[in-house]
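# Per-entry structural report
The lines below spell out each chain.
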Amino acid sequence: MSTTHPSWITRSLQSVWHPCTQMQHHETMPLIPISHGRGAWLVDTDGRRYLDAISSWWVNLFGHANPRINAALRDQLERLEHAMLAGFTHEPVIELSEKLAALTGHELGHCFYASDGASAVEIALKMSFHYWRNSGESERREFVCLKNSYHGETIGALAVTDVTLFRDAYGPLLRQAHVAASPDARLAQEGERAEDVARRAAAELDSLLQQREGRIAAVIVEPLVQCAAGMAMHDPLYLKLVRESCDRHRVHLIADEIAVGCGRTGTFFACEQAGIRPDFVCLSKGISGGYLPLSLVMTRDAIYQAFYDADVTRGFLHSHSYTGNPLACRAALATLAIFEEDDVLAKNRERAERLTQALQPLAQHRSVAHFRRRGMIWAFDAVLDDAAAATFSRRFFTAALEQELLIRPIGRTVYLMPPYILDEEESMLLGTRLHAVFDKVIAQ
Ligand SMILES: Cc1ncc(COP(=O)(O)O)c(C=O)c1O
């Protein structure tokens, strides 16, 4: 394994606190100094390349150093890098809000901006709570999330996150949320289909809403794929049934499409596959093409109107300094333009077919369980004993780097979330090398 640029590594380990990392692991795990990126590849300071098969934490849609996004940003840099959005506005934020609203058939006609995914989740939770307060139903202050849900790491977002590893240390700081059954299709019992699991989970949620009638502000879900839980996929029927329950009990439905939006599941919004519209949609990650921190919450005009008043305290007084940053919005506009100009959703169906073919031999591997795909997300679970599973992810990551692949399994789940640009050769390379890495790690 390359050690590449030693001074960057030492300096980084001395001064940078890296995210989601037990820093001591870097005593044995490589830290890789990246010099540049091009297309689907990241290149380190020794010239070694890595196929970014997870789109750099699911953000990069159209490759690194994308010429079209670069050009848009250069142009924007010459005009306006930033202006505060309270009391001011600018073309990129207006155009982006209009385009996004159009993508929802103007049903979610108002767009509120922030920077990271977790901030968007905080905003949706606060908006829902405040909506009910403004509407004279301040008893509606409880939230429901799903088992194994992940909505981010800030205190409010963590309160609706059900991943023990991330939340346990902060338990005393967190407001309790209700945790409803996950519709994860892997929970199917003998003779059941994904639809049956969806029905069962939705029925359980419905009885919770009934039990807490008048108390629940919103249900928050990750539509179609609970990504951080290990790419747990469910049938779209679940979303349809949850929408019906939320309507029946007058509860908001928040769709956290931070990971699954922007075409990742095959449609621009994952919820489209269930034919439903949530009350709030959170977007981030891919919306700026993986260029700049941008997140947003879209909501219905009726919700917006509940805040529109002469009384300042009925307004939504939330803010972040970089709200609606023009550069980030411009990157998002360039990203949406690529979707339109290149007919990306249709092309992705062909790309997905190609990569699925390339992964077929691995899908048949006797140590592979639950090989699954939704749109441009592939995942499978390694069949391992618990001792091997404890170190699987780190061993796999290291072995993958040796094969020029950037892949970080979640527990025993190996997944791919590549950018929407892989050509035939890259798909073949990914399929073959992933298989080789898996064979090696399973045999260790
Ligand atoms: C579904 C979902 N929600 C929220 C977040 C948090 O986003 P961020 O890391 O940008 O705060 C993530 C991040 O992975 C996510 O997958």
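Residues numbered from 1 in each chain as written. Predicted model: local features only at pLDDT ≥ 70, side-chain atom pairs only at ≥ 80, totals over all residues. Heavy atoms only, no water.

An unreviewed UniProt entry lists the chain under the name Adenosylmethionine-8-amino-7-oxononanoate aminotransferase, with Noviherbaspirillum humi given as the organism. What UniProt records for the chain under Pathway (unreviewed entry) is the sentence "Cofactor biosynthesis; biotin biosynthesis; 7,8-diaminononanoate from 8-amino-7-oxononanoate (SAM route): step 1/1." A UniProt comment under Subunit (unreviewed entry) is attached to the chain, and it reads "Homodimer." (UniProt positions renumbered as here; feature names shortened; annotations may be inferred.)

Moving on, we come to the overall build of the chain. A count of helices and strands for the chain gives 14 helices and 16 strands. Taking 444 residues into account, the globule formula puts the C-alpha radius of gyration at 22 Å, and the chain, at 22 Å, falls close to it. Along the longest, intermediate and shortest principal axes, the C-alpha atoms of the chain span 65 × 60 × 45 Å. Taking all 444 residues of the chain together, the buried fraction comes to 53%. A sequence separation of at least 24 residues applies to 72% of the contacts in the chain between residues at least 6 apart. Per element, the accessible surface of the chain, about 19,900 Å² overall, is 52% carbon and sulfur. (Helix = DSSP H or I, 4+ residues; strand = E, 2+ residues; numbered from the N terminus. Rg over C-alpha atoms; globule rule 2.2 N^0.38 Å. Buried < 20%, exposed > 50% of the residue type's maximum accessible area, 1.4 Å probe, protein only. Contact = heavy atoms within 4.5 Å. Areas by Shrake-Rupley, 256 points an atom, 1.4 Å probe, with all protein chains shown as cover.)

A few words now on unusual backbone geometry. With a phi angle near 50 degrees, Ser55 is a residue other than glycine that sits in the positive phi range. In this structure, Asn148 is a non-glycine residue whose phi angle is positive, near 65 degrees. Note that Asn148 resides in the loop between β5 (142-146) and α6 (155-159).

Bringing the site of the ligand into the picture now. Around the ligand lies a shell formed by Trp58, Asp116, Gly117, Ala118, Tyr150, His151, Gly152, Glu222, Asp256, Ile258, Ala259 and Lys285. Separating an oxygen atom of the ligand from a backbone N or O atom of Ala118 is a distance of 2.8 Å. Separating a nitrogen atom of the ligand from a side-chain N or O atom of Asp256 is a distance of 2.6 Å. (Near = heavy atom within 4 Å. Polar contact = N/O pair within 3.5 Å; in protein donor to acceptor, adjacent residues only side chain to side chain.)

Here we come to the pairing of strand β14 (residues 377-382). Burial analysis of β14 places 6 of its 6 residues in the buried class, the great majority of the element. Here β14 shows two buried faces, one formed by Ile377, Ala379 and Asp381 and the other by Trp378, Phe380 and Ala382. One ladder, built from 5 bridges, connects strand β13 (residues 368-374) with β14; its direction is antiparallel. Its bridge partner lying in β14, Ala369 is registered against Asp381. The turn linking β13 back onto β14 is made up of 2 residues, and Gly375 within it adopts a positive phi angle of 60 degrees. Note that β14 and strand β16 (residues 413-416) share 4 bridges and pair antiparallel. Residue Phe380 lies in a different strand from β16, and its bridge partner there is Val414. (Pairing = 2+ DSSP bridges.)

For the rest of this paragraph, the subject is the UniProt feature "binding site: pyridoxal 5'-phosphate" (unreviewed entry) in the chain. Taking the UniProt record as the reference, the feature "binding site: pyridoxal 5'-phosphate" (unreviewed entry) is found at Gly117, Ala118, Asp256, His320 and Ser321. These residues run over 205 residues, and the two farthest C-alpha atoms among them are 22.6 Å apart, placing them at more than one spot. Along the polypeptide, Gly117 turns up in helix α5 (residues 117-134). Residues contacting Gly117, with those up to four places away along its chain left out, are Ile258, Ser284 and Ser295. Secondary-structure assignment places Ser321 in the loop between α10 (301-305) and α11 (326-341). By relative accessible area, Ser321 is classed as exposed at 62%.

Here we take up the side chain of Glu426. Along the chain, Glu426 falls in helix α14 (residues 424-443). Salt bridges are absent for the buried Glu426, whose nearest opposite-charge side chain, Arg49, sits at 6.5 Å. If we ignore the near neighbours within four places in the chain, the residues touching Glu426 are Ala40, Trp41, Leu51 and Ile421. (Lys, Arg positive; Asp, Glu negative; His and termini not counted. Salt bridge = Lys/Arg side-chain N within 4 Å of Asp/Glu carboxyl O.)

All right, on to the sheet that holds strand β10 (residues 252-256) then. Here 7 strands make up an open sheet; going across it, the order is β4-β12-β11-β10-β7-β5-β6 and the pairing mixed. The open sheet terminates on both sides in strands that have one partner only, identified here as β4 (110-114) and β6 (178-180). Each adjacent strand pair in this sheet contributes to an overall mean axis angle of 20 degrees, direction not counted. Here β5 runs beside strand β7 (residues 216-221); their pairing, made up of 3 bridges, is parallel. If you follow Phe143 over to β7, its bridge partner there is Ala218. The sheet strands contacting helix α4 (residues 91-103) are β4, β11 (280-283) and β12 (295-299), and the helix crosses β4 at an angle near 125 degrees. (Axes fitted to C-alpha atoms, helices over the stretch in contact; angles between N-to-C directions.)

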